[in-house]
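# Examination of the molecular architecture
One letter stands for each residue in the lines below.
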Amino acid sequence: MTTAQICIIIAIAVYLIAMVFVGVAYSRASKGGADNFYLGGRQLGPVVTAMSAEASDMSSWLLMGLPGVAYFTGIADAAWTAIGLALGTYLNFRLVAKRLRIYSAEINAITVPEFFSKRFKDDKKVLLGISALIILIFFIPYTASGFAAIGKLFNSLFGFDYMVSMLIGAAVVILYTIMGGFLAVSTTDLIQSIVMTIALVVVLGFGIEVAGGWTAVTDNARSIPGYLSLVQMTDISTGEVQDYGFIKSLSMLAWGLGYFGMPHILLRFMGISDANKIKISRRIGSIWVVISMTVAVTIGIVGLAMSRVGEIETFGSSSAAEAVIVKIADLLSTHGVLAALAAGLIIAGILASTMSTADSQLLAASSSVSEDLLKQVLGVKMSAKTTMWVARITVIVISVIAVFLARDPNSSVFTIVSFAWAGFGATFAPAMLTALFWKRTTKWGVLAGMISGGAMVFIWKYLVKPMGGAWGIYELLPAFIVALVFIVVVSLLTKAPDADTVATFDKVKADCKK
């Protein structure tokens with residue numbers, strides 16, 4: 001093992017130990033029961049709310065997927081997706097955050113399924129049970145993709161065994177999650193967002209210098225037909241240029257719709273200490289997302305310029321190009337001990353982007369099992385202490401299943417992420433928006449929307465999308481529309497909400513204006 005590799009490992013080890021330390025520090029704070037473990041007693045500050053929400057959202061897609069797409073196909077695909085996500089981030093904070101915080105506190109809901117259940121007085125727990133199952137269906141493989149990314153990172157960089165690397169990474173995530181709960185997860189996500197930011201800045205600065213300066217980077221990009229166009233997409237391996245039509249652009253923008261239904265992001269809104277501070281969170285979160293995604297896309301462009309001057313290898317596919325930041329970090333590590341430590345920080349940033357999503361998903365999936373399915377649906381009576389132990393055991397069990405699903409090193413990480421994002425966007429997003437903003441929404445309407453939206457994700461991806469052409473759009477867009485139509489139609493065809501439900505809705509609406 002080289003000196004550079006030892007320095008990288010030291011930097012990563014320090015980072016991992018710091019994450020476990022945070023879990024230990026917050027272990028006492030999580031002893032106050034399920035409300036503290038899953039929602040931190042609703043005491044998050046605006047900065048932690050903003051940065052933990054965005055760090056848990058971005059995952060390794062920010063540091064691997066987005067630069068890889070920009071590197072191999074130009075800015076169109078990456079830019080339209082980034083624009084959709086930036087709009088989604090802003091609108092989620094603007095429309096959903098404050099109202100959900102006030103509404104969930106008003107009806108005393110600490111999980112997303114419980115919010116839906118209590119919002120619509122689902123006495124038979126049908127809505128709660130379906131919501132909890134949806135979270136498990138889409139979050140377990142989502143978490144598995146995060147664990148797989150950790151294994152692939154260490155395997156490609158150091159040649160470490162994939163399974164061993166994945167197990168070590170998963171163990172660290174599990175440890176600080178079960179020890180500190182929501183507060184530990186949110187705090188580590190804040191730290192991880194800072195690490196991710198530093199990684200992006202270091203990679204960008206070093207990459208531009210090695211590529212020959214900003215002028216050399218832009219000259220190289222301009223020399224490739226369609227590479228800097230928003231209406232064309234280029235395959236750098238063949239030089240083929242394809243039109244990037246309106247439907248395709250709209251499809252990529254639809255990624256932003258997913259935000260309204262992401263349980264791990266919605267929990268951050270429910271956990272903020274003061275609903276009136278969400279405006280601060282919105283500004284911080286929105287600015288960070290725009291800057292970080294812009295830098296990530298730019299790194300892809302810089303990476304291609306580095307390949308053209310022979311500093312890093314030329315990637316032959318979009319999936320291979322996802323390693324562009326890893327290769328830049330590897331190159332940086334050859335420039336001395338301090339540079340190698342900086343490279344370790346970059347790798348820690350990639351690790352942070354994965355862990356910040358995996359821990360939040362574990363917590364959300366755990367709450368669905370222990371709090372929603374066991375206590376609410378099945379009616380299992382548990383003391384506060386027992387509930388905490390069940391919550392921690394659930395985190396471990398879900399992690400074991402996720403590790404099993406991720407055992408194949410050739411599994412596709414980002415395909416799973418895209419599919420899970422569509423799943424939540426189609427099942428929970430229309431339900432959340434109508435639950436918060438349309439008082440005529442009924443339990444049966446939301447239930448129909450969840451089921452139809454979830455079904456359409458599978459139908460479109462596996463039956464319609466393979467037809468290609470105009471049908472080859474991202475499955476979230478048609479599934480979201482179908483779910484929304486079902487909610488509206490079924491709600492109008494079923495009995496209107498009772499006076500008490502409407503009164504609560506009106507009270508929350510009035511409180512939001514204060």
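Data block above holds the structure.
Okay, so let's go over this structure. (Residues numbered from 1 in each chain as written. Predicted model: local features only at pLDDT ≥ 70, side-chain atom pairs only at ≥ 80, totals over all residues. Heavy atoms only, no water.)

## Examining the overall build of the chain
Rules: Where helices and strands are cited, they refer to DSSP runs of H or I of at least four residues and of E of at least two residues respectively, numbered from the N terminus. What the globule rule says is 2.2 Å times the number of residues to the power 0.38, and the radius of gyration is computed from C-alpha atoms. Throughout this description, buried means an accessible area under 20% of the type-specific maximum (1.4 Å probe, protein chains only), exposed means over 50%, and partly exposed covers the range between. Whether two residues are in contact is decided by their heavy atoms: any pair within 4.5 Å suffices. Surface exposure here means Shrake-Rupley accessible area, sampled with a 1.4 Å probe, where a residue is shielded only by the protein chains that are shown. All tallies of charge rest on Lys and Arg as positive and Asp and Glu as negative; His and the ends of each chain are not included. The atoms used to mark charge sites are NZ of Lys, CZ of Arg, CG of Asp and CD of Glu.
Assigned secondary structure in the chain consists of 20 helices and two strands. For the chain, whose C-alpha radius of gyration is 23 Å, the value lies close to the compact-globule estimate of 24 Å for 514 residues. Considered along the principal axes of its C-alpha atoms, the chain spans approximately 70 × 50 × 45 Å. Split into buried and exposed, the 514 residues of the chain put 61% on the buried side. For the chain, contacts bridging at least 24 residues in sequence account for 83% of all contacts bridging at least 6. For the chain, the exposed area adds up to about 19100 Å²; of that, 68% sits on carbon and sulfur atoms. Here the chain contributes 37 positively and 29 negatively charged side chains, and the mean placements of these two sets differ by 12 Å.

## As for the pattern of salt bridges
For clarity, the threshold we go by: Just to be clear on terms, a salt bridge is a Lys or Arg side-chain nitrogen sitting within 4 Å of an Asp or Glu carboxyl oxygen.
The full count for this structure, using the stated rule, is 10 salt bridges. The partner of Glu114 in a salt bridge is Lys118, with the nearest N and O atoms 3.1 Å apart. Taken together, the residues Glu114 and Lys118, both in helix 6 (residues 112-119) and four residues apart, mark about one turn of the helix. In this structure, Asp511 and Lys507 form a salt bridge, with 3.0 Å as the shortest nitrogen-oxygen distance. Taken as a pair, Asp511 and Lys507 lie in helix 20 (residues 499-512) at a separation of four residues, close to a single helical turn. With relative accessibility at 39%, the residue Lys507 sits in the partly exposed group. Each member of the salt-bridge network shares a partner with another, and the members are Glu106, Lys507 and Asp511.

## Quick notes on the environment of Tyr90
In this fold, Tyr90 is placed in helix 5 (residues 75-106). Sequence separation between Tyr90 and Val395 is 305 residues; the distance between their C-alpha atoms is 31 Å. Aside from chain neighbours lying at most four places away, what touches Tyr90 is Arg282 and Ser286.

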